[in-house]
Amino acid sequence: MSLLRKAWRYLWIYGPRRTLFKIAGRSRRKIPFVSARRSTRRDIALIGCGQFGVATIGYFLIRRFGRCLEQVYDTDMSKAQSASSILGARRVANSVEDILRDPQTDLIYIASNHASHADYAVAALDAGKRVYIEKPVAVTLDQLARLNRRVEKKPDRVSVGYNRPFSGAIKTLRKTFRENPSGPLSLSCFVSGHVIGADHWYRIPEEGTRICGNAGHWIDLFVHLLSWRDLPSIFRIQMMSADLGEPDDNFALSIATDQGDIFSLMLTARSEPFEGINETINFQQDSIICKIDDFRQMTIWDGPRVKKWRFWPKDVGHRVGIEQPFSDTPRRKWLEVQTSTLLMLRITEMVRKGEAEAEFSRSQALDELRSWETLQ
Ligand SMILES: NC(=O)c1ccc[n+]([C@@H]2O[C@H](COP(=O)([O-])OP(=O)(O)OC[C@H]3O[C@@H](n4cnc5c(N)ncnc54)[C@H](O)[C@@H]3O)[C@@H](O)[C@H]2O)c1
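Residues numbered from 1 in each chain as written. Predicted model: local features only at pLDDT ≥ 70, side-chain atom pairs only at ≥ 80, totals over all residues. Heavy atoms only, no water.

Peer 1: An account of the domain arrangement of the protein chain is requested, with residue identities and associated values reported.
Peer 2: Domain annotation for the protein chain reports domain 1 (2-160) and domain 2 (164-375). Put simply, the middle of domain 1 and the middle of domain 2, counted by C-alpha atoms, are 23 Å apart. Counting from both sides, the interface comprises 50 residues of domain 1 and, opposite them, 38 residues of domain 2. Both faces considered, domain 1 and domain 2 share a buried interface measuring about 3900 Å² in area, 62% of it formed by carbon and sulfur atoms. Looking only at domain 1, the three residues that lose the most surface to domain 2 are Ile 13, His 114 and Leu 141, adding up to 15% of its buried area. One can count 3 salt bridges joining domain 1 with domain 2. (Domains from an automatic or database assignment. Contact = heavy atoms within 4.5 Å. Buried area = accessible area lost by both parts, 1.4 Å probe. Salt bridge = Lys/Arg side-chain N within 4 Å of Asp/Glu carboxyl O.)

Written out as structure tokens, the structure reads:
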């Protein structure tokens, strides 16, 4: 009964086709007709065939191109096989090397565990492929350094899965500023996330904890909004967790910058949100005040003017994010992703060490990254 009610609710939020893909991803069952359209392109591979790989990346690729996957790979063969059947992939690869050696494959989507993203991306770039890397792009500084060295040489071959900047709401907000915004900004994000047990792979320290797994999205959104003006040099960070035994869950993160900006993120997971992750975002800069309700509705006040928008289906930016490798929309700028990843890694370190306060200097972090690069 609860599953039926959930499916009904998802129909209203995401529309029928995407709901079917979400059901297929969970049940690992092929749904007749939904992925029947043939494609002339068969140059794409998918590594990591879990829920996101099937129900989101798979959905948006099929929506655009039909059955375009040349091959899929997952360390869990049953996941790879069910994904191949649901998405109509041509074959299941036995290893990542199979994919890297395949001349037919030009573009690789990486949606596996967090600790594997950077190394798969490095190997793919070294093999001459293009890559789409799901968030986070790295969970350690040395991984980021290895990746950074490649991306700086071949920036046009890399797309990144931090998608909130591609949402209808954030793109509309950007257009509301007739010129580049100036002056300090305030951003507050209240996020009801999924309940993730202490034994879930997101929580494993080597996977970067929930800071890399989840919080990175809103840290990246903050950095993206800052980049509309220019990026600050110094970020003062405070972290407060409800339970010191589980510092990466139910926490409040605050950041102030040397340009007078202020950011807060509360990530709470006291109970499972029935409709999936739920985000309330409040923003102010110049004369603009903006309220985004779960990327489904938005209100913007600009002085005396007020305007409201609805986004159906719910739009957190997945479609445009996933289509980056094919679209004219500019890809996420590496400088932004590099900065938000460095900031996220510093906050991950705070959580690991139980630090409540820290200062992050962008130039020092970059120097450290360069020194890791010279060790590679
Ligand atoms: N951008 C977004 O909004 C968003 C939302 C959800 C998830 N994600 C990201 O998508 C990725 C996958 O998350 P998910 O929710 O599908 O998790 P999941 O657990 O459902 O899937 C992960 C899959 O990766 C496979 N895997 C694990 N280690 C592997 C390895 N070394 N090589 C190949 N495959 C491996 C697992 O067997 C599993 O099938 C993560 O990076 C996650 O952060 C992004």
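Peer 1: Give me the lowdown on the site of the ligand, citing residues and values where you can.
Peer 2: Surrounding the ligand, one finds 27 residues, the nearest of these being Phe 52, Asp 74, His 114, Tyr 120 and Lys 135. For the ligand, an oxygen atom lies 3.1 Å from a polar atom in the side chain of Tyr 202. A distance of 3.3 Å is found between an oxygen atom of the ligand and a side-chain nitrogen or oxygen belonging to His 217. Relative to its unbound accessible surface of 850 Å², the ligand loses 81% to contact with the protein. Put simply, the parts of the chain that give the shell around the ligand at least two residues each are α3 (51-65) and α6 (117-126). (Near = heavy atom within 4 Å. Polar contact = N/O pair within 3.5 Å; in protein donor to acceptor, adjacent residues only side chain to side chain. Areas by Shrake-Rupley, 256 points an atom, 1.4 Å probe, with all protein chains shown as cover. Helix = DSSP H or I, 4+ residues; strand = E, 2+ residues; numbered from the N terminus.)

Peer 1: Tell me about the pairing of strand β2 (residues 69-73), residues and numbers included.
Peer 2: Sheet faces and side chains relate simply in a regular strand, where the side chains alternate between the two faces. Within β2, 5 of the 5 residues are buried, which leaves the element mostly enclosed by the surrounding structure. Pairing of strand β1 (residues 44-47) with β2 involves 4 bridges; the strand directions are parallel. Paired with Ala 45 across the strands is Gln 71, a residue of β2. For the handedness criterion, the β-α-β arrangement of β1, α3 and β2 is classed as right-handed. Pairing analysis gives 2 bridges linking β2 to strand β3 (residues 91-92), with the strands arranged parallel. What sits directly across from Gln 71, in β3, is Arg 91. Regarding topology, helix α4 (residues 77-87) serves as the crossover connection from β2 to the parallel β3, and that connection is right-handed. (Buried < 20%, exposed > 50% of the residue type's maximum accessible area, 1.4 Å probe, protein only. Pairing = 2+ DSSP bridges. Right-handed = clockwise from strand over helix to strand, strands pointing away.)

Peer 1: How would you explain the packing of aromatic side chains if you had to name every residue and give the values?
Peer 2: All chains considered together, the criterion is met by 12 aromatic pairs. Where Tyr 10 meets Tyr 14, the ring centres are 5.4 Å apart and the plane angle is 50°; that geometry is what we call tilted. Of the two residues, Tyr 10 and Tyr 14 both sit in helix α1 (residues 2-14), 4 residues apart, roughly one turn of that helix. With respect to burial, Tyr 10 and Tyr 14 carry one shared label: buried. Site record: aromatic cluster; members linked through ring pairs are Phe 222, Phe 235, Phe 263 and Phe 360. Of note, Lys 6 hangs over the ring of Phe 274, and the distance from its end group to the ring centre comes to 5.5 Å. (Phe/Tyr/Trp six-rings, centres within 6.5 Å; stacked < 30°, edge-to-face > 60°. Lys NZ or Arg CZ within 6 Å of the ring centre and 35° of its normal.)

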